[in-house]
Structure formats: structure tokens, C-alpha cells
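Coordinate analysis (summary)
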Amino acid sequence: MRIIGITGWSGAGKTSLITRLIPHLVGQGLSVSTLKHAHHRFEIDVPGKDSYEHRIAGAREVMISSRTRFAIVHELRDAEERTLGELLGKFEAVDVVLVEGFKRERHPKIEVYRQCVGKPKLHPGDETIVAVAADVPLPEAGRPVFALDDIAGIAAIALAHAAPVETVRAGSVGWRS
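Please read these numbers as outputs of a predicted model, since none were measured by experiment.

Definitions and cut-offs
- Residues numbered from 1 in each chain as written.
- Predicted model: local features only at pLDDT ≥ 70, side-chain atom pairs only at ≥ 80, totals over all residues.
- Heavy atoms only, no water.
- Core = buried A, V, L, I, M, F, W, Y, C linked by side-chain atoms within 4.5 Å.
- Buried < 20%, exposed > 50% of the residue type's maximum accessible area, 1.4 Å probe, protein only.
- Helix = DSSP H or I, 4+ residues; strand = E, 2+ residues; numbered from the N terminus.
- Contact = heavy atoms within 4.5 Å.
- Patch = residues over 30% accessible without salt bridge, like charges linked within 9 Å, V, L, I, M, F, W, Y side chains within 5 Å.
- Areas by Shrake-Rupley, 256 points an atom, 1.4 Å probe, with all protein chains shown as cover.
- Salt bridge = Lys/Arg side-chain N within 4 Å of Asp/Glu carboxyl O.
- Lys, Arg positive; Asp, Glu negative; His and termini not counted.
- Charge placed at Lys NZ, Arg CZ, Asp CG, Glu CD.
- Phe/Tyr/Trp six-rings, centres within 6.5 Å; stacked < 30°, edge-to-face > 60°.
- Lys NZ or Arg CZ within 6 Å of the ring centre and 35° of its normal.
- Pairing = 2+ DSSP bridges.

1. Some thoughts on the nonpolar core
- In this structure, Ile4, Ile6, Leu17, Leu21, Leu98, Ile110 and Ile154 are the most contacted members of the largest nonpolar core, which totals 23 residues.
- Secondary structure elements with two or more residues in this core: β1 (2-7), α1 (14-27), β5 (96-100), β6 (109-113), β7 (129-134) and α4 (151-161).
- At five residues, α4 tops the list of elements feeding residues into this core.
- Among all residues touching Ile110, those that are not within four sequence positions of it are Ile4, Gly5, Ile6, Thr7, Val130, Ala131, Ala133, Ile154, Ile157 and Ala158.
- Judged by nonpolar contacts, the second largest core, of eleven residues, contains Leu35, Val97, Phe102 and Val165.

Written out as C-alpha cells, the structure reads:
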């Protein structure tokens, strides 16, 4: 199992890129999972539904299952936020995990940059960013730059730099060329 991050500021288009990368990678015969970081409280079930009520009542984990999918909600109850490495240990084995967010963690990442967002570029200060997908040319980037719609190119660079999950879980950065 290998991982590659998709990072950037809110509004840059990380989710849009990931939702285009997934079918491309699956079309190449790869199995793909995703892990998204949220900076705020979030709900995946709806108040009033049984799973929500179980969690609110104090359950640490609530599993929701149907014929088509299952999900596990783990309530931290004031414990520390889990690290990327700890979260990766929860996955079943797949070929590639696309990690959205976790921009401060030490794993290989592709930055999504849109000039109109008005935020600074991340790659100048982060050697873990192996490429940039951007809406403008960035000749000073010092690493490969792809147009946001070059899904084949972005997928190829993602696969070339995806790190073994064991390396990421151990906190090593030996994958950087």
C-alpha cells in the first residue's frame, strides 16, 4: 500500500482533483482509498438517526452497516487527534491511498494551487511537495508543474512518488529524490 497526499489551501480544488484522479487510477486497475483531514467538527450522520443518537449518548465507536457500505465513527472524547500514521493503520490494504489535507505531515504530496484563492504557495517551504497542479505557470517551482486538467500527468507523478505506508507510518522521509 502506497500513499500520496493532495494538499493546498481551502478552495484550491483538492477534492475536485481527487475525484478526477480516483476513476483514472481505478481505470488502470488500481484499488484506491482516500483519507481526508477536516479542520473542524463534522457529522457524517444526521441528528435523529440511530447512529447519531448512539454516538451522542456516549458510544466511543459506532458502526453503521447496510448491504452497500459500512462506516465506523470513532469519537475521540477529548483525546488527542490521531496522526496520519495511526489513521493509515486503520485501512484495509489497497494499492494507493490519496490523502487530502494533512499539509504539515511528512509524506509525499502534490500541491493544488489556484492563484485566485489569494493564499501563498506551499511548495517553496515544503520539500515533501513533489509536484504542483496549478492554474498558472510556475517556472520558479523547482519541481514538476502540471495544469489542473492534466489528470494523466498528475496520476503518473503521484504513482511515481507514492510512498510505502510503512515508511510514512514510521515517519521516515527516505522517499524524497
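2. Thoughts on a positive patch on the surface
- Together, Arg60, Arg77, Arg82 and Lys90 line one region of the surface with positive charge.
- Inspection of the secondary structure puts Arg77 in the loop between β4 (70-74) and α3 (84-88).

3. Overview of the packing of aromatic side chains
- Applying the stated rule across the entire model yields zero aromatic pairs.
- Sitting over the ring of Trp9, Lys103 keeps its end group 4.5 Å from the ring centre.
- Here the basic side chain of Lys119 rests over the ring of Trp9, its NZ or CZ set 5.2 Å away from the ring centre.

4. Quick look at α4
- Taken together, the buried positions of α4 are Ile151, Gly153, Ile154, Ala155, Ile157, Ala158 and His161.
- Looking at the buried positions of α4, the neighbouring elements they touch are β1, α1, β6, β7, β8 (145-147) and β9 (163-164).

5. Comments concerning the pairing of β7
- Burial analysis of β7 places six of its six residues in the buried class, which makes it a mostly covered element.
- Bridge analysis of β6 against β7 gives five bridges, and the strand direction is parallel. Residue Ile110 lies in a different strand from β7, and its bridge partner there is Ala131.
- Strand direction decides the pairing type here: β7 and β8, joined by three bridges, are parallel. The partner of Val132 across the bridge, within β8, is Val145.

Keep in mind that these numbers describe shape and distance, not what the molecule does.
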